[in-house]
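These are the residues of each chain, in order.
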Amino acid sequence: MPTLAEIAARIPGLAVSPAHGACSVTGVGALDTATPEQISFVTSAKHWPRAQASLAGAFVLPPALAFDADRPALIAANPLAAFARITALFHPEPSLRAGIHPSAVVDPSAQIFAPCEIGPLVVIEAGVQIGANTRIGAACVIGAGCVIGPDSRIFPKVTLYADTQIGARVRIHSGAVIGSDGFGNALEDGHWLKIPQIGRVIVGDDCEIGANTCIDRGALADTVIGNGVRLDNLIHIAHNCVIGDDTAMAACVGIAGSTTIGQRCQIGGAAMIIGHLTLGDEVMVSAGTFIGKSLPQPGVYTSVQPQQPHAEWLKNIAHLRHLDRLVDRVRTLEKAEKPLSSKESS
Amino acid sequence: MPTLAEIAARIPGLAVSPAHGACSVTGVGALDTATPEQISFVTSAKHWPRAQASLAGAFVLPPALAFDADRPALIAANPLAAFARITALFHPEPSLRAGIHPSAVVDPSAQIFAPCEIGPLVVIEAGVQIGANTRIGAACVIGAGCVIGPDSRIFPKVTLYADTQIGARVRIHSGAVIGSDGFGNALEDGHWLKIPQIGRVIVGDDCEIGANTCIDRGALADTVIGNGVRLDNLIHIAHNCVIGDDTAMAACVGIAGSTTIGQRCQIGGAAMIIGHLTLGDEVMVSAGTFIGKSLPQPGVYTSVQPQQPHAEWLKNIAHLRHLDRLVDRVRTLEKAEKPLSSKESS
Amino acid sequence: MPTLAEIAARIPGLAVSPAHGACSVTGVGALDTATPEQISFVTSAKHWPRAQASLAGAFVLPPALAFDADRPALIAANPLAAFARITALFHPEPSLRAGIHPSAVVDPSAQIFAPCEIGPLVVIEAGVQIGANTRIGAACVIGAGCVIGPDSRIFPKVTLYADTQIGARVRIHSGAVIGSDGFGNALEDGHWLKIPQIGRVIVGDDCEIGANTCIDRGALADTVIGNGVRLDNLIHIAHNCVIGDDTAMAACVGIAGSTTIGQRCQIGGAAMIIGHLTLGDEVMVSAGTFIGKSLPQPGVYTSVQPQQPHAEWLKNIAHLRHLDRLVDRVRTLEKAEKPLSSKESS
């Protein structure tokens, strides 16, 4: 049951509101559900009314709200990041249970640096290297020749195909499949001939990969996921994609083959990006958006069509199929209106 | 080889067509493929011509078609539901094989109420509770502290993260991942800092969850799936969503974080709903639709753009990018037409 | 380190460029990254400039480029297919390690034709039949009564539900779930009643199925995947679909129930096809396209809306919601313009 002063002593960049250093909290909570024993957080003045109605015993606040902090508070330039660190203080990762579970099937040629936690019913094939302080959850399959860096956490039932490389401090969630064959097929006499996929997947340091996400190995060269990348659930990354450092993708995104995405991009959920494109750094793609051409410049790009009540949609959508005709009709009207200067037609 | 009278005696609400009670059938079939030994079904008069061409030996019919039943029939107010029950009569669930397979890895602190079926190579961690008559398929991983109600069926290779709660009579299909970390990240100096996800997933009674579907645990509060919910395959439910009772979602749907969906909603396949929205009860979302704002009222909502032959699409879609300009042009024409009363412009 | 002449001797249809038969290569590479010891390929004249800049020691070229081949080359009518075969020459499938791993749980009634490779921690239930030269990767679960043809490769952690049939020379990638229940539910008094799914999944010969792809079993009849079909990752095929021979689907596609797709179709990534439709042979569906009606004719069909900078999109998309009104306004203008002949109005 640490005091605010004790929390501030453990997390850099936190200031305690005057006279509240001895106030103690037992955990963290959301504004709407926090109890008087919990600390919550506010990122901007917009949410301050909700905070005032909150039962939370303390708040993490931005400097701009510090003046309002007649209630116990920790002041942080980045309240969300500070709250993340406070949450980790109260809810640390479970400690590593060093050792290899007797039910795991581990090839004798695998190099596993102690301490490591290898869970029950894990399969580790020949030549695998696993760094120290890494934990491999139950029922994972780590293919021959894979390398996993130190301090990583692979949750249960992850599959790494042969020769996949994973960096340090990486988290991979259950059901993810990394290194499966890219979708390479040559059409020959009306049938598909498989093109062997001999590249690898290289995942950098400090990445997190979501549940049931798939990253295919490269056809000839490698598929590369940079450092600090965040991939949510059910994402598809096709062969030979290159994803820049610190890029984040929300769930259900699909990236087709050989597309390169820059650093610090944010790709909204269910966005779809076709193959052989290049997105520059700091490109933001809205949820549900289809990207059909390269986007070298930073910015926000969108294509979705918002919902309407079905009857209204029916009336409008029919015309979308004849938009070309409608433009012609407007052009005709414009010519009739001003026969001498038809600058309006496009 | 039960008779129609015997079937009617076992399923409430069925009436037998006159003089056909002794007619017997050996199983169920679709209208187009049923044999004379099988019973099929018709839900409305629209399908009656197909039924007349069918070889089926008997039919489940709605009352409105009963007069036509010169062929053997069972009359039901809800023919589809009656047919589902008849199908279950001929194809009951395989009976439970009580016991824990010797290859399963079960923590001694787990409480498993007999009779239960724990399949081969299952992992059950500390403190798990499993209700009676529940079966856990091969290679499932049930994380520490999970609770699964009675009479549930977890198919092979399902992963439940720690502290997930599953109700009674729930079915979860292979590859589903429940309780993985929500996608919570704070941006700090251009890098992502993980926000620990300390909420849980709570699944109610009588739910069915499809293959490779993912439901993330809450960030602070819980992600909640109500009673009687139906989720198809490859669905993503993000952290802190709340899904109301008896809501159904078809495959490939994505629901972003903190969205609340009401009761008895139907979400079409591949629909995408952004975060922090509220959908009321009985909202129907068409397949492929993007929902970008809250929908408090019942109704059908749609946004998809139907396919066209590619050449036509090319001509029309170009104008969509300049629709604003087109509206301006029409407004200009309207002003020229009636300079004194421009009520038409929007 | 084979020579071009030796490669040409092993792969039908390859001609060696004059005077280069003795040139040898050690492997394959992409145009941009190949070393002088590697062979690369060019499919059309469009890529020839990149080839001229390439360090590759040899190329596979189409006949139209043979005249340019002052550099060592193999000439092939279908350079991509030839390159696939050359790649397989340098990177053959790992040889089969015959036998059943001692950690596998195999029902004694299963028939496994030698030689077969059954990996660690595999579960094979009662009555399964597996053809010769097939390998079942680690941690697969093969349900009761499944049949898998010869020369197939099932990668780790695939789940086949009971009674699934898989042909010869089929590859199935990790996390795929085949034969899970179709999404069949009858609404009864506001609740969903499960309709038992008693059909099977039948997969033909020479298919490849991607990671985490799901194919549901039929409701009454079977779900059928033809011969030579290619399915990428994270695809959903609903109950009772029929997919024609040699059809290919890119990742994240969803096909709703009872839809029939012809032969040699190509379905782009993230396309969505609703249920009970029929697509003819050689239908091409663009990436991200929504198919809402049957398409009996061959051709390319598209519906996506391309991205725009967000501010432009905001201006244009608002008008899409009022397109019907805009058409009315144009019609009004047309009537005013030519009151006697309003042929332009649609």
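Summarised in this report is the structure supplied together with it. (Residues numbered from 1 in each chain as written. Chains lettered and ligands numbered in written order. Predicted model: local features only at pLDDT ≥ 70, side-chain atom pairs only at ≥ 80, totals over all residues. Heavy atoms only, no water.)

**Describing the environment of His236(B)**
Next up, step 1: When you line up the elements, His236(B) lands in strand 27 (residues 236-237).
Next up, step 2: Classification of His236(B) by relative accessible area gives buried; the value is 3%.
Next up, step 3: When the C-alpha atoms of His236(B) and Thr223(B) are compared, they prove to be 12 Å apart, with 13 residues separating the residues in sequence.
Next up, step 4: In this structure His236(B) touches Asp232(A), Asn233(A), Leu234(A), Ala251(A), Cys252(A), Cys214(B), Asp216(B), Val253(B), Gly254(B) and Ile255(B), once residues within four positions along its chain are discounted. (Helix = DSSP H or I, 4+ residues; strand = E, 2+ residues; numbered from the N terminus. Buried < 20%, exposed > 50% of the residue type's maximum accessible area, 1.4 Å probe, protein only. Contact = heavy atoms within 4.5 Å.)

**Concerning the relation of the copies chain C and chain A**
Two chain copies here: they are related by a rotation about an axis and a translation along the same axis.
Next up, step 1: For the pair chain C and chain A, the best superposition has an RMSD of 0.1 Å and corresponds to a rotation of 120° with a translation of 0.0 Å parallel to the axis. One copy is carried onto the other by what is essentially a three-fold rotation axis. (Least-squares fit on C-alpha atoms with pLDDT ≥ 70 in both.)

**Here we look at helix 5 (residues 323-337) of chain C**
Next up, step 1: The end-to-end C-alpha separation of helix 5 of chain C is 21 Å, in line with the 21 Å expected for 15 residues at 1.5 Å each.
Next up, step 2: Packing partners of the buried residues in helix 5 of chain C comprise helix 4 (310-320) and helix 5 (323-337) of chain A, helix 5 (323-337) of chain B together with helix 4 (310-320) of chain C. (Expected span 1.5 Å × (residues − 1).)

**Comments concerning the side chain of Asp181(A)**
Next up, step 1: Note on placement: Asp181(A) falls in the loop between strand 19 (177-180) and strand 20 (185-188).
Next up, step 2: In terms of polar contacts, Asp181(A) uses its side chain to reach the side chain of Lys194(A), at 2.8 Å.
Next up, step 3: Here Arg171(C) takes part through its side chain, which lies 2.8 Å from a polar atom of the side chain of Asp181(A).
Next up, step 4: The residues touching Asp181(A), leaving out its near neighbours within four places in the chain, are Tyr161(A), Lys194(A), Gln197(A), Asp216(A), Arg217(A), Arg171(C), His173(C) and Glu208(C). (Polar contact = N/O pair within 3.5 Å; in protein donor to acceptor, adjacent residues only side chain to side chain.)

**Digging into the pairing of strand 4 (residues 58-61) of chain B**
Residue and element names in this part refer to chain B.
Next up, step 1: Along strand 4, one buried face is formed by Ala-58 and Val-60 and the opposite face, lined by Phe-59 and Leu-61, is buried too.
Next up, step 2: Judged from the three bridges that link them, strand 3 (residues 38-41) and strand 4 form a sheet pairing that is parallel. Counted as the bridge partner of Ile-39 is Ala-58 from strand 4.
Next up, step 3: Judged from the three bridges that link them, strand 4 and strand 5 (residues 73-75) form a sheet pairing that is parallel. Residue Leu-61 lies in a different strand from strand 5, and its bridge partner there is Ile-75. (Pairing = 2+ DSSP bridges.)

**Quick look at the interface of chain A and chain B**
Size of an interface, as often reported, equals the accessible area lost when the parts are brought together.
Next up, step 1: Each side of the interface is counted separately: chain A has 70 residues, and chain B has 67 residues.
Next up, step 2: Carbon and sulfur atoms supply 64% of the area buried between chain A and chain B, which totals about 5600 Å² over both sides.
Next up, step 3: Broken down residue by residue, the surface that chain A buries against chain B is led by Lys157(A), Gln307(A) and Arg321(A), which jointly contribute 13%.
Next up, step 4: Between Lys194(B) and Glu208(A) there is a salt bridge whose closest N-O contact spans 3.0 Å.
Next up, step 5: Listing elements by their share of the side of chain A that touches chain B, those giving two or more residues are helix 3 (79-90), strand 26 (230-231), strand 29 (248-249), strand 38 (308-309), helix 4 and helix 5 of chain A.
Next up, step 6: No other element matches helix 5 of chain A, which puts nine residues into the side of chain A that touches chain B.
Next up, step 7: Per-class residue counts for the side of chain A that touches chain B are 34 nonpolar, 22 polar and 14 charged.
Next up, step 8: Bridging between strand 38 of chain A and strand 37 (residues 299-302) of chain B involves two bridges; their strand directions are antiparallel. Note that in strand 37 of chain B the partner of Pro309(A) across the bridge is Tyr301(B). (Buried area = accessible area lost by both parts, 1.4 Å probe. Salt bridge = Lys/Arg side-chain N within 4 Å of Asp/Glu carboxyl O. Nonpolar A, V, L, I, M, F, W, Y, C, P; charged D, E, K, R; others polar.)

**What about the sheet that holds strand 16 (residues 159-160) of chain B?**
Residue and element names in this part refer to chain B.
Next up, step 1: With respect to topology, 10 strands assemble into an open sheet ordered 7-10-13-16-19-24-27-30-33-36, the strand pairing being parallel. At either end of the open sheet lies a strand with only one pairing partner, and these are strand 7 (105-106) and strand 36 (290-291).
Next up, step 2: Of the strand pairs in this sheet, strand 27 and strand 30 (residues 254-255) are connected by two bridges, and their pairing is parallel. The residue of strand 30 that forms the bridge with Ile-237 is Ile-255.

**A short note on the sheet that holds strand 25 (residues 223-225) of chain B**
Strand pairing in a sheet is mediated by backbone hydrogen bonds. Such pairs are either parallel or antiparallel.
Next up, step 1: Within the open sheet, the nine strands sit side by side as 8-11-14-17-22-25-28-31-34 (chain B). Their pairing is parallel. Since the sheet does not close on itself, it has two edges, and those belong to strand 8 (111-112) and strand 34 (278-279) of chain B, each with one partner.

**Things to note about the pattern of salt bridges**
Next up, step 1: Under the criterion given, the structure shown has 42 salt bridges over all chains.
Next up, step 2: A salt bridge links Glu188(B) to Arg85(A); the shortest N-O distance between them is 2.8 Å. Of this pair, Glu188(B) sits in strand 20 (residues 185-188) while Arg85(A) sits in helix 3, on two different chains.
Next up, step 3: Taking relative accessible area as the criterion, Arg85(A) reaches 33% and is therefore assigned partly exposed.
Next up, step 4: Among the salt bridges present, the one from Arg200(B) reaches Asp222(B), with a minimum N-O distance of 2.8 Å. Here the residue Arg200(B) occupies a position in the loop between strand 21 (191-194) and strand 22 (201-203), and Asp222(B) occupies one in the loop between strand 24 (214-216) and strand 25, the gap between them amounting to 22 residues.
Next up, step 5: The class of Asp222(B) is partly exposed, set by a relative accessible area of 22%.
Next up, step 6: Because the salt bridges share partners, they merge into one network encompassing Glu93(A), Arg153(A), Arg171(A), Glu208(A), Asp181(B) and Lys194(B).

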